[in-house]
Structure formats: C-alpha cells, structure tokens
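# Coordinates in review
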Amino acid sequence: MSTRHLCLLFLLGCQPPPPPVGPPVTPPVVPPDAGNAPAIDAGTEPVDAGTTPVDAGSSVVDAGAPPPCTGQPGLYREQTFESGGKARRYLLYVPASYACATSTPVLLDFHGAYGGVSPPAEEVYTLDGAMAAADRDGFILVRPRSLTVPNQGRDWHYWDASTADVRENLQFVRGLLADLRTRYHVAADRVYALGFSNGTQLALRLLAEADPIVHGVAVVGGGYWSPFALPASLADRGRVFVATGYRDYHYTLGVPQLVSALKPRGYPMERYLERPMMSGHELFGWTYPEAFAWLDRAEKPAAAGAPPTGWSSSTSAPALTVSVGLSPWLASGIGAAWSVAPGQLDALPALPTSTTPVTGICTTPAGTQLAAVNEGIARRPAGATTWSVVRPPTSATDPVTMVVDVLCLSNGRAIASGFSGFSSDDDGLTWSPMFMGFAGWGSTQVNRLHQTGSGRVIGAGDYWLGTSIDRVVFGSVREVDGRLLAVTSFAGGFVWAAGTHGLIARSSDDGTTWAISSAGEDADIYDLVAVSKDVVVAVGARGLMLVTRDGGATWSRVETGQTGMLTAVRRSGAALENVTVFAEGGTALELPVP
C-alpha cells in the first residue's frame, strides 16, 4: 500500500483505499487524518546540519552580537535533536536565497497523523509545495516529527496524544527554535506555525501559550476540535489563517469552535482569514504561499476582477451546491437554502444549523426538501415552515455520522452519502445503512451522488468510484488515486467525474468502466455540467473554469476574472445556450457555453 493511502482510522473514520491484504487497522483513541499526500524525493541525501542539543530554556542570541552565520542553505533530512532526554527528529529546508546578513522568517510545519515508516512523517504531506513556498517567500522551513502512538503493532506519528506529550512537544519546539537561532539569523518577530489535521492543535497551542512561541498560525484541515485551555485574553496575538474544506470532517467539528473561542477572548477578528474550499481533508501546495502572505504581511488573496466581455453578473445566493435540472434551482450554503431563478432569489426557512456547510440538497417527488448538513439530513416537507434534522444510524465501523450529499430519485427513494451511505424509502423520515466502499475494507467518504439518464446512480468519493444499478446496493467499480468531488452525465451513457488536483474520470458505458486522466491543472474541480457528449464545463477552486470539446481527453482554461472558489455550474437560457456559474460570495455569472 502506498504511503498516500496510509490513514488513521478512528471515530471520525478517515477512509483510504483497501490494502492488498489484511484487515482494517483498529485505531488508538485519537482523532484521525485522511489520505496522505504523496511524498517527494528532493534528491538530497541526509546532511548533518550541525545541530547541538540545547536546553529549552536557552536564551536567544544577544541582540547586540553579530548574527550567527554557521548555518547554510540546503535541504537537511532526518536531523536529530535531543529534547527532554529523547532523540527527536526534524527536516530543515533553508532556501538558496538565505544570507546571514538579513534576518529571516521561520515557518514551523506540523504534519498530520501518519502510520508509515518510509518516507518519514515530516516528508509525507506536500513537502514539494512547502519548499516551493520557502523558495518564493524566503523563509526557513522546519518540519518537526511527532512522537508515536502504538497501535496493533504499528507506531502512528501523532501530536499531543497525551498530557505528557503536550509538555514534551512544547519543550521540543522551544529548544529547536533556540538551536536554530544559534546557527541562523532568525527574525525574532517572524516565526509562524502551520498545522495540518492533527498538527493544527499543536500549532494553535504555540499561539495560545502565555509566552507565545509563534506570531501567527495557519490551520489546515483542522480547527479547535479538541479544546484546550486558552488564556483569558488573546488580544495581542498574531494572525490566523484557516483553510479547511467544507467536505472535511474537521470543519464542523473545529472551525466554528475556533471562531467561538477567539471572539470572547478579545481576539481582533480582522486578523482572522478563512479561505473557503469545497474540498475534503487535504493539504494543498497553494496553501503555503497564501498562508505565509497573510501571516507575515497581512496580504489577502487578490480580489476578484470584472467578468470578461460577454458575461453577465448578478447578485445571487452564496451557494455551495445547486440542484441539477432546469431553474428555478434549489441552492444551499452555510446554514441556509434558497430557490434561485434568473433575476429571482427566494430564501427558504432557516436551517437549524446556522454554521454548518450545506453541501447537498434535493427535492423528493412528494415535494420534500432534503439537505446534507454534515451531522445528519435536514428535512422540510412541502409547505412546512421549519426544518428538522434526521440523524441516520451509526455502526461499530462507522460510529460518527457525516453527510455531505443527498440525492432524491425519481422512484421516491433518497440516498445520502458521507463517511457512510444511507437510503430512505419514506420521503426522508427514516434512513437505513447503504454500503459504499471497498469490499473487505470498509466504507469510503463519498462526496457526490448523481443519477444518469438510465437511472443508474454514480457515487464519487475519496479514492473510489461506485455505481448502483438497482438503486439499493452499491458496488465498487474503480479505485482512483485522489478525491473525486463532482459528477455529471449526458444521454447515451457518457459520465464524467472530477476532483482534486485536476483529476478526471471518464466513462462511455454509464459508469461501468472508467478511464482516468488529468485536466492539466493543479487545482480542484468542484462541479461539472455536460452540454453534449463532447462538451463539458468544469469549475472549481481559485476561479478555475475549464472546458473540454473532445469528451474530456483535453481541457482548456477559461478566464473568469474570479479569485475565489466557483462552486457550481448549470446550463441556463431559454434554449440552454448558456451556463450559469455560482461564485464565492453570492455572485452568479452567466455566459454562452464556452
């Protein structure tokens, strides 16, 4: 099994593809990380960086002394540092632009949970993107390695698994920084931390210490999901950057809680920046330059420009998803839903979960509206003025409900997906388990459900494509190397799925077999619409819009003038000659099919 597929299986149930042999791993009692990003070989052998054990209480080099100049640029892997009587390890990357005459910022980058051995934990998650950002922005990158938690014969790297670990990790970080200052000219007020998933907790602790260790924190794929004591006032703390996808199990668990913890402690919320994403649990290379720009220079991503000539723009719902079919569409966003038609926007009754991303919505043949609200399924019968939340049953293998999409079928059945699958035959009143995943391994997170013209249901998720012919049982069709986030189809059995890093899957036999390719863009695709068997339009992260005119074999970029996410695309116009694109912030863009 490749390192990208190693995953910590716990109550929240991150889901890798199946291993070739052996049962699922029973987890330790700690929260999870999902699929690991591929590691890279930087082409540099481990080099002795000249580290010397330093007491965590060591003082910073005298400000009046010449800057330390023994440290040199380069990639230093598998470095050993003694802390608390233990040999701890870390990776150090110093960009070629480093010069000891100039004080240099530092980014401490804390990895997510990891159960592999090779490559080491600090090299697994998006190392190439982190080093590229260090080169661009001129910061020293430090990736410490966590302690381990034993589990069924395997040691999982995991931050702060116990109270004792917390103390040891804080001592380790303080000592490691003190040691770096003896060799490198570190800018005292420009030390920052980025944490991914499990690493977010330690990163936040560094900012929340009575004597803060860092001057800003980036939280990626996480939040304040395992609360720890915070000081009474956070008014003097550095900036915070958050990039946790709306289909990430950590969003609802931790991001609203982080905001709720900061505000009453006087934290200036103008220092808080959240980068909305429709992705799942993942660390992207682009996160590093955006996070560093905010933490170090208070620079936000560039604002959206005017749409290109030939486009029309109107105010619409800040939609995360829009129902399939002709308008009026049903749209949903953060704790809200709307009926949307050209020039018309009607708010539906408020959902009971005002901070939850509603990432799936549909209407049953009886007129009942169903919405995926992460912890369950919101239900509003036709004519009702309120929603109720139904929580599907859990099981021993999937003990936490997480729902990210819901599909209303023409035969009255409804299907919901997330960590697990569920189906309902009574207009969404009650739900039963519906397996979606790999036989012999377990369920996978399914991000999008779609019904083709033949009635077949396609499920697209993390490392997985599946179908249901009878709309009762799902079968695994194809393992994919990435996360799929969108599906569309056209008459005649043509189906497309797309997802992270430009991943494309194509089928010409109604989802029975698939060809996997790339759109040629290292950006996430959040939604698709098929115009014909040859023409498909895709939209996604950071203003991405793509079109194919050869059935998905090749794709070309369409400039949009947008910098935020494009969440949904639908055919529109009297003769369906246009497409309407829903953009971050509540803008609808309409243009002729590109």
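Reading the values: the criteria
- Residues numbered from 1 in each chain as written.
- Predicted model: local features only at pLDDT ≥ 70, side-chain atom pairs only at ≥ 80, totals over all residues.
- Heavy atoms only, no water.
- Axes fitted to C-alpha atoms, helices over the stretch in contact; angles between N-to-C directions.
- Helix = DSSP H or I, 4+ residues; strand = E, 2+ residues; numbered from the N terminus.
- Parallel < 35°, antiparallel > 145°, perpendicular 65-115°, else oblique.
- Left-handed = near helix turned anticlockwise from the far one by under 90°.
- Contact = heavy atoms within 4.5 Å.
- Nonpolar A, V, L, I, M, F, W, Y, C, P; charged D, E, K, R; others polar.
- Pairing = 2+ DSSP bridges.
- Disulfide = S-S within 2.5 Å.
- Buried < 20%, exposed > 50% of the residue type's maximum accessible area, 1.4 Å probe, protein only.
- Phe/Tyr/Trp six-rings, centres within 6.5 Å; stacked < 30°, edge-to-face > 60°.
- Lys NZ or Arg CZ within 6 Å of the ring centre and 35° of its normal.
- pLDDT = per-residue confidence, 0-100.

Right, let's get into the packing of helix α2 (residues 163-181) against helix α3 (residues 199-208). Relative orientation of the contacting elements α2 and α3 amounts to 65 degrees, with a least axis distance of 11 Å. Comparing the axis directions of α2 and α3 gives the class roughly perpendicular. The two elements α2 and α3 meet at a crossing, and its hand is right-handed. Note on element contacts: α3 touches α2 through Leu202, Arg205 and Leu206, opposite Val166, Asn169, Leu170 and Val173. Residue composition of the contact of α2 with α3, by class: five nonpolar, one polar and one charged.

Ordered by their spatial adjacency, four strands build an open sheet running β12-β13-β14-β15, and the pairing between neighbours is antiparallel. Two strands bound the open sheet, and with one partner strand each, they are β12 (321-322) and β15 (344-347). Taken together, the four bridges between strand β13 (residues 329-332) and strand β14 (residues 337-341) define a ladder with antiparallel strand orientation. Across the sheet, residue Trp329 finds its bridge partner in β14, namely Val340.

This part is about the state of the cysteines. According to the stated counting rule, one finds two disulfides in the structure shown. Here Cys69 pairs with Cys100 through a disulfide, and the sulfurs are 2.2 Å apart. Where Cys69 bonds to Cys100 through sulfur, the torsion about that S-S bond is close to 85 degrees, and the disulfide is right-handed. With Cys69 in the segment before β1 (74-83) and Cys100 in the loop between β2 (86-94) and β3 (104-110), this pair connects stretches of sequence that are 31 residues apart. Given a relative accessible area of 38%, Cys69 falls into the partly exposed group. What makes Cys100 partly exposed here is its relative accessible area of 23%. With a sulfur-sulfur separation of 2.0 Å, Cys362 is cross-linked through a disulfide to Cys408.

Of all 10 residues in α3, 10 are buried; the element is thus mostly enclosed. Of the positions making up α3, those classed as buried are Gly199, Thr200, Gln201, Leu202, Ala203, Leu204, Arg205, Leu206, Leu207 and Ala208. Those residues of α3 hidden inside the fold are in contact with β3, α2, β7 (186-196), β8 (216-220), β9 (239-243) and α4 (249-262).

The next thing to look at is the sheet that holds strand β21 (residues 414-418). Read from one edge of the open sheet, four strands run β20-β21-β22-β23, paired in antiparallel fashion. Looking along the sheet, the strands with just one partner apiece sit at the ends: β20 (403-408) and β23 (432-434). Direction aside, the axes of adjacent strands within the sheet are offset by 30 degrees on average.

Now for the packing of aromatic side chains. According to the stated counting rule, one finds 13 aromatic pairs in the structure shown. Each member of the aromatic cluster is reached from another via a ring pair, and the members are Phe139, Tyr192 and Phe292. Over the ring of Phe228 we find Arg205; its NZ or CZ atom is 4.3 Å from the centre of that ring.

When the pLDDT values of the protein chain are averaged, the result is 87; 88% of them are 70 or greater. In the model, residues 1-62 has pLDDT below 50 throughout and makes 177 contacts with residues more than four positions away in sequence or in other chains.

Positionally, Glu209 belongs in the loop between α3 and β8. Measuring from C-alpha to C-alpha, the distance between Glu209 and Ala229 comes to 9.6 Å, with 20 residues separating the pair along the chain. When residues no more than four places from it in sequence are discounted, the contact partners of Glu209 are Leu170, Arg174 and Arg237.

Let's shift gears to the environment of Ser420. Relative to the elements of secondary structure, Ser420 occurs in the loop between β21 and β22 (421-424). The buried category is assigned to Ser420, whose relative accessible area is 10%. The sequence separation of Ser420 and Gly437 amounts to 17 residues, and the corresponding C-alpha distance is 8.4 Å.

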